[in-house]
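In case you want the letters, here they are:
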Amino acid sequence: MALSEINRLQYLDAMGVTVWQSKFMTDSTIAPIEFDAHHVVLTEVIIPDSWEKCRADVSGCKLCTLCTTRTQTVFGEGNENADWLFIGEAPGQQEDEQGRPFIGDAGQLLTEMLRAMNLTRNEIFIANILKCRPPQNRDPHVDEIKQCRNYLQRQIALIQPKIIIAVGRIAAQTLLETPEKIGKLRGTVHQVENIPLIAIYHPSYLLRSLTEKRKAWHDLQFALQTFKQLH
Ligand code: URA
């Protein structure tokens, strides 16, 4: 980085302006960040983000109305340097109450699915598209996804995973920006900002549709094979 750029960053830092940019972001997804003092909008790379800052921003988030109905935010958890990033849809009731992702019935099945892949929850990172529970577990609204997107982008930038697993239809459609059905999205290696992404059925769906379990098993094997070929 050029000295002038470093000076500029130090200057901004001294003004108390913490700015970040995911290396996975495109211009259209960079959140405008405003100076308190001068109301200048910055859309450039400034200083790196941190887990601490990201966690604090999520826990205090009031960007959409879900902040009025949540018990607490669910940031995500696991290995901050994980090779595998699993991304689900949104917290359910238990997750909302305890502030942890995938801890209900679907979470237990996800843990079993991980076990089948020889992975533990401590080795991977699990996050959601939304950090707050939608009331009655309804599908996330477009504006909620939009407001929450930067948090996930920041998490991806901090983790720098080798592979992303989109858990379920909403996560897959959101990350791949497509209305395509999950049945069509599974079984293919997609790319999100140069990171391979594989879509799998959501464990909640598998709990309701046992006949799809065989396909789910194939998806896990496919994810493992894809990961092995990355090395
Ligand atoms: N379903 C999800 O998609 N995420 C959770 O955290 C829990 C259930």
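As the structure is a prediction and not an experimental result, all values here were calculated from the model.

Cut-offs and rules
Residues numbered from 1 in each chain as written. Predicted model: local features only at pLDDT ≥ 70, side-chain atom pairs only at ≥ 80, totals over all residues. Heavy atoms only, no water. Near = heavy atom within 4 Å. Polar contact = N/O pair within 3.5 Å; in protein donor to acceptor, adjacent residues only side chain to side chain. Nonpolar A, V, L, I, M, F, W, Y, C, P; charged D, E, K, R; others polar. Phe/Tyr/Trp six-rings, centres within 6.5 Å; stacked < 30°, edge-to-face > 60°. Helix = DSSP H or I, 4+ residues; strand = E, 2+ residues; numbered from the N terminus. Buried < 20%, exposed > 50% of the residue type's maximum accessible area, 1.4 Å probe, protein only.

**Concerning the site of the ligand**
Stage number 1. In the neighbourhood of the ligand, the contacting residues comprise Gly88, Glu89, Ala90, Glu95, Pro101, Phe102, Asn128 and His202.
Stage number 2. The separation between an oxygen atom of the ligand and a polar main-chain atom of Phe102 is 2.9 Å.
Stage number 3. Tallied by class, the residues present in the shell around the ligand amount to 3 nonpolar, 3 polar and 2 charged.

**Details of the packing of aromatic side chains**
Stage number 1. For the structure on display, the rule yields 5 aromatic pairs.
Stage number 2. Between the aromatic rings of Trp84 and Phe227, the centroid separation amounts to 4.7 Å while the plane-to-plane angle is 35°, which identifies the pairing as tilted. Linking Trp84 in strand 4 (residues 84-88) with Phe227 in helix 9 (residues 213-228), this pair joins segments that are 143 residues apart in sequence. Take Trp84 and Phe227: they sit in the same class, and that class is buried.
Stage number 3. Both rings, one in Tyr201 and one in Tyr205, keep their centres 5.2 Å apart while their planes meet at 35°; by these two values the pair is tilted.
Stage number 4. One aromatic cluster is present, formed by Trp51, Phe75 and Phe125 through successive ring pairs.

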